[in-house]
Amino acid sequence: MPVSAADRYLQLAPTVRAALAEGRPLVALESTVIAHGLPYPINVETALAMEEAIRQEGAVPATIAIRAGRIVVGLERAAIEELATARDVLKVSRRDLAFALVSQRLGATTVSGTMLCAHLAGIRFFATGGIGGVHRGGESTLDISADLMELSRTPVLVVCAGAKAILDLPRTLEYLETQGVPVLGWQTEELPAFYTARSGLRLQQRVEAEEQVAAIARTHWECGLSGLLVCAPVPAEAALPAEQVEKAIASALIRAEAEGIRGAALTPFLLRQVAETTGGASIEANRALLLNNARLAARIARAYASSPASGPA
């Protein structure tokens with residue numbers, strides 16, 4: 001998108017505009033977790049807590065959504081409340097961005113949508129819960145999240161707790177490898193499985209410090225490459241037993257098939273069903289990993305901002 005067009009559609013909060021001008025660290029946050037991922041009022045509480053966690057780590061939060069034909073980068077509290085309670089909020093990925101802008105509908109950005117919008121605004125770092133991926137049965141349905149392709153084309157570093165546990169994790173990891181996306185294990189050699197720290201899937205690259213991640217990201221981008229994924233395990237005190245999670249997912253998948261739930265509606269449906277089956281424990285795990293990822297992304301962004309550039313960034 002040309003600069004003039006980006007300026008036309010972008011609405012930057014004053015804090016975001018100032019941070020960009022001054023070269024201070026910024027962390028983007030998605031809004032689907034507010035509109036479609038967590039129930040009210042936990043969604044509002046978590047969104048505000050993530051922003052505060054980023055501030056406490058010395059960075060500036062920028063929650064992103066689509067409102068009144070603009071890409072809003074840095075939501076005010078009233079806008080977060082609106083997203084949390086409004087009905088029929090659009091899920092906005094790359095595919096949906098132009099439609100959401102032209103229709104002037106209220107839209108919550110997915111991982112791919114947030115990456116794209118963050119890049120348009122000049123933000124390099126983004127914290128989320130779990131990325132989308134290859135759905136179970138995806139080898140037949142080709143139900144593969146746009147998040148994976150976005151990581152291969154957009155130069156934004158995403159901190160997450162792995163892919164959502166409802167997905168086919170081995171195929172998701174394989175797809176990321178095929179697309180050339182670095183998957184860095186934050187102090188782990190194993191892909192986290194969202195609600196649980198372990199998936200049994202070994203990662204090739206382990207990182208131990210924020211400065212190391214910042215150096216890798218800078219070199220990656222100086223070489224003209226695109227997105228990176230940093231996978232941090234859910235905090236141990238909030239992790240769920242793998243057997244409990246798998247049982248809940250299996251039950252949710254059966255119900256989704258019986259009700260004909262597919263496409264963009266599938267992930268929110270499955271997450272709600274898992275929350276119901278686990279008595280809300282999955283929601284607490286989700287909240288804990290979201291806050292953990294926000295803090296880590298802020299530390300990485302701060303390390304990147306304070307490190308010397310050896311070339312074009």
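Everything discussed here concerns the structure shown above.
Calculation notes
- Residues numbered from 1 in each chain as written.
- Predicted model: local features only at pLDDT ≥ 70, side-chain atom pairs only at ≥ 80, totals over all residues.
- Heavy atoms only, no water.
- Salt bridge = Lys/Arg side-chain N within 4 Å of Asp/Glu carboxyl O.
- Helix = DSSP H or I, 4+ residues; strand = E, 2+ residues; numbered from the N terminus.
- Buried < 20%, exposed > 50% of the residue type's maximum accessible area, 1.4 Å probe, protein only.
- 1 Å grid on protein atoms, 1.4 Å probe; cavity = no way out; pocket = protein on both sides within 12 Å on 5 of 7 lines; lining within 4 Å.
- Points joined across faces, edges and corners; volume = space filled by probe spheres on them.
- Nonpolar A, V, L, I, M, F, W, Y, C, P; charged D, E, K, R; others polar.
- Core = buried A, V, L, I, M, F, W, Y, C linked by side-chain atoms within 4.5 Å.
- Contact = heavy atoms within 4.5 Å.
- Phe/Tyr/Trp six-rings, centres within 6.5 Å; stacked < 30°, edge-to-face > 60°.
- Lys NZ or Arg CZ within 6 Å of the ring centre and 35° of its normal.
- Disulfide = S-S within 2.5 Å.

**Q** What's the story with the pattern of salt bridges in this structure? I'm lost.
**A** Here the idea is simple: oppositely charged side chains can pair when their charged atoms come close. Per the stated rule, a full pass over the model turns up 17 salt bridges. The partner of Arg55 in a salt bridge is Glu51, and the shortest N-O contact between them spans 3.5 Å. Placement of both Arg55 and Glu51 in helix α4 (residues 42-56) is noted, with a separation of four residues, approximately one turn of the helix. Arg55 sits in the partly exposed class, given a relative accessible area of 42%. Taking relative accessible area as the criterion, Glu51 reaches 6% and is therefore assigned buried. Note that Arg94 is salt-bridged to Glu150, the shortest N-O span being 2.7 Å. Here Glu150 lies in helix α9 (residues 146-153) and Arg94 lies in the loop between β5 (90-92) and α6 (97-103), a separation of 56 residues in the sequence. Residue Glu150 is classed as buried on the basis of its relative accessible area of 1%.

**Q** I'm lost on unusual backbone geometry in this one. Help?
**A** Keep in mind that most residues, glycine aside, have a negative phi and that most peptide bonds are trans. The residue after Tyr40, namely Pro41, is reached through a cis peptide bond having omega 5°. One can find Pro41 in the loop between α3 (32-37) and α4. Unusually for a residue other than glycine, Ala68 sits at a positive phi of about 50°. As for its position among the elements, Ala68 is in the loop between β3 (60-67) and β4 (70-73). One non-glycine residue, Gln104, lies in positive phi territory at about 60°. Structurally, Gln104 can be placed in the loop between α6 and β6 (107-109). What makes Gln104 exposed here is its relative accessible area of 54%.

**Q** Looking at this structure, I do not really get the layout of surface pockets. What am I missing?
**A** The rolling of a water-molecule-sized probe over the atoms marks out the regions of remaining empty space. What the largest pocket holds in volume is close to 680 Å³. Contributing to the lining of the largest pocket are 34 residues, with Lys91, Thr110, Ser145, Ala264 and Thr267 lying nearest its centre. Of all elements in the fold, only α3, α7 (111-121), α9, α13 (266-277) and α14 (281-306) reach the threshold of two or more residues within the lining of the largest pocket. Among the elements that make up the lining of the largest pocket, the one with the highest residue count is α3 (four residues). Looking at the lining of the largest pocket, its residues break down into 11 nonpolar, 16 polar and seven charged. In this structure, the second largest pocket is lined by 22 residues; those nearest its centre are Ala35, His36, Gly37, Leu38 and Arg272. For the lining of the second largest pocket, the elements supplying multiple residues, two or more each, are α3, α5 (77-85), α13 and α14. Here the lining of the second largest pocket takes four residues from α13, the largest share from any one element. Taken together, the residues that form the lining of the second largest pocket break down as 13 nonpolar, six polar and three charged.

**Q** For this particular structure, what's the right way to read the nonpolar core?
**A** Most often, soluble globular proteins have nonpolar side chains that are buried together. Counting residues in each nonpolar core, the largest one holds 114 residues, and the members touching the most others are Ile71, Val73, Ile131 and Leu229. Broken down by element, the residue count for this core peaks at 14 residues, all from α14. In this structure Leu229 touches Ile131, Leu151, Val158, Cys160, Leu176, Val181, Pro182, Val183 and Leu184, once residues within four positions along its chain are discounted.

**Q** Honestly, the packing of aromatic side chains in this entry has me stumped. Any pointers?
**A** Given two aromatic rings, one states the distance between the centres and the angle between the planes to describe the pair. Taken as a whole, this structure holds four aromatic pairs when the rule is applied. Summarising the aromatic geometry, the rings of Phe125 and Tyr304 are spaced 5.2 Å apart at their centres and angled 65° between planes, so their arrangement reads as edge-to-face. Residue Phe125 is found in strand β7 (residues 125-127), and its partner Tyr304 is found in helix α14; the two are separated by 179 residues along the sequence. Looking at Phe125, the relative accessible area reads 3%, which means it is buried. For Tyr304, a relative accessible area of 9% puts it in the buried group. With a centroid separation of 5.6 Å and an interplanar angle of 75°, the aromatic rings of Trp221 and Tyr304 are classed as edge-to-face. Of this pair, Trp221 sits in helix α11 (residues 210-222) while Tyr304 sits in helix α14, and the two are 83 residues apart along the sequence. Across the pair, Tyr304 and Trp221 agree in class, each one buried. Over the face of the ring belonging to Trp221 we find Arg124, whose NZ or CZ atom lies 4.3 Å from the ring centre.

**Q** Before we go on, may I ask you to explain the state of the cysteines in this structure?
**A** Every disulfide links exactly two cysteines, by a covalent bond between their sulfur atoms. Counting across every chain of the model gives zero disulfides. Just so you know, Cys117 is unpaired, no disulfide at all, and the nearest cysteine sulfur is the one on Cys160, 19 Å from it.

**Q** Can you help me understand the environment of Gly162 in this one?
**A** Within the secondary structure, Gly162 is located in the loop between β8 (157-160) and α10 (169-178). In the structure, Gly162 is positioned 21 residues away from Val183 in sequence and 9.2 Å away in space, judged by C-alpha atoms. For Gly162, the residues in contact, after removing those within four places along its chain, are Gly129, Gly130, Ile131, Leu191, Pro192 and Cys231.

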